[in-house]
Amino acid sequence: MVLTELWILIKDVFIYIVKFALPIAALVISGLSYRDSRKANKIRGRLNEIEEKLKNFELEEKEREREEATKACVEARVVKISKGKYKMKVWNSGKATAYNVDFETQPEYENMVFKEKVPFEFLEPGKNFEEHVLVYMGTPRKFNLTTHWVDSQGKPHSKDQILSV
């Protein structure tokens, strides 16, 4: 008789576990799973945003590189050749050909730099030309110079510089 009562008690506990404990455990597990999936979705959303920003940055970088490849940049520098003799080198440091290259200085320094070769018809990347610079006593040791050029599309460009003797 004790065995049958024990068996009935075990059977009732088993039925109780099956009816109530397993559904509660299933609800708890599904709640935890839902919370974890929300966290994963937030992380996935952040990752997608970062990937999109990275793609936009790479696209902008490639556009800049392409633009730089089609851009000329004309610069100048005064170089001492020997005692009392100076020349101004004008060169294209860009990656595209510059057309109708010219330069101008402030009116009070125009007689200091000769303009024998300008306007230079075209200046290829890495190429240069030279102009004579007249330096005498009382000549200022620095002056402003603006280089002008046109790109292959006909768009004018200029660059301001301070040159020192």
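Okay, so let's go over this structure. Only a predicted model underlies this, so the values are computations on that prediction, with no experimental measurement involved. (Residues numbered from 1 in each chain as written. Predicted model: local features only at pLDDT ≥ 70, side-chain atom pairs only at ≥ 80, totals over all residues. Heavy atoms only, no water.)

## Let's talk about the overall build of the protein chain
The test is simple: Here a strand is any run of E in DSSP of at least two residues, a helix any run of H or I of at least four, and the numbering for each starts at the N terminus. In this scheme, a residue with accessible area under 20% of its type's maximum is buried, one over 50% is exposed, and one in between is partly exposed, where area comes from a 1.4 Å probe on protein chains only.
Across its full length, the protein chain carries one helix and seven strands. Traced from its N-terminal end to its C-terminal end, the protein chain shows the element sequence α-β-β-β-β-β-β-β. In terms of its C-alpha atoms, the protein chain occupies a principal-axis envelope of roughly 130 × 35 × 25 Å. When burial is assessed residue by residue, the protein chain has 21% of its 165 residues classed as buried.

## Comments concerning the side chain of Thr-139
Selection criterion: Whenever two N or O atoms come within 3.5 Å, that pair is a polar contact, provided that in protein one can donate a hydrogen and the other can accept it, and provided that, for residues adjacent in sequence, both atoms are side-chain atoms. The contact criterion used throughout is that any non-hydrogen atoms of two residues lie within 4.5 Å.
You can see Thr-139 is positioned in the loop between strand 5 (128–133) and strand 6 (142–150). In this structure the side chain of Thr-139 is engaged in a polar contact, spanning 2.6 Å, whose partner is the backbone oxygen of Tyr-136. For Thr-139, the residues in contact, after removing those within four places along its chain, are Met-112 and Leu-134.

## A short note on the nonpolar core
Put simply, the rule reads: Here the nonpolar core consists of buried residues drawn from Ala, Val, Leu, Ile, Met, Phe, Trp, Tyr and Cys, with membership extended through side-chain atoms lying within 4.5 Å.
Grouped together as the largest cluster of nonpolar side chains are 22 residues, with contacts concentrated most on Met-88, Val-101 and Phe-143. Of all the secondary-structure elements, those providing two or more residues to this core are strand 1 (74–82), strand 2 (85–92), strand 3 (98–105), strand 5 and strand 6.

## Quick notes on the pairing of strand 1
Stated precisely, the cut-off is as follows: Between any two strands, at least two bridges found by DSSP are needed for them to pair.
Strand direction decides the pairing type here: strand 1 and strand 2, joined by eight bridges, are antiparallel. Each bridged residue has a counterpart across the sheet, and for Val-78 the counterpart in strand 2 is Met-88. Taking the residues between adjacent antiparallel strands as the criterion, strand 1 and strand 2 are bridged by two residues, where Gly-84 takes a positive phi near 80°.

## Brief notes about the environment of Glu-75
Looking at the element boundaries, Glu-75 is found in strand 1. Residues Glu-75 and Leu-134, 59 residues apart in the sequence, show an inter-C-alpha distance of 19 Å. Setting aside its immediate chain neighbours within four residues, Glu-75 contacts Lys-89, Val-90, Trp-91, Ser-93, Lys-159 and Gln-161. Side-chain polar atoms of Glu-75 contact the side chain of Lys-159, separated by 2.6 Å.

## Section: the side chain of Gln-161
Following the sequence through the fold, Gln-161 ends up in strand 7 (residues 156–164). A distance of 3.0 Å separates a polar side-chain atom of Gln-161 from the backbone nitrogen of Ala-76. Each residue touching Gln-161, except ones within four places of it in the same chain, is listed here: Val-74, Glu-75, Ala-76, Phe-143, Asn-144, Leu-145 and Thr-147.

## Let's talk about helix 1 (residues 2–69)
One turn of the α-helix equals 3.6 residues, which is why residues spaced by three or four share an orientation. This is how it is decided: Expected span of a helix, by definition, is 1.5 Å for each gap between consecutive residues, and there is one gap fewer than residues. Across the chain, bend at a residue is computed as the angle between axes fitted to the seven residues ending at that point and the seven starting from it.
An ideal rise of 1.5 Å per residue puts 100 Å on 68 residues; helix 1 measures up with 96 Å between its terminal C-alpha atoms. Of all bends in helix 1, the biggest is about 35°, found at Ile-17.

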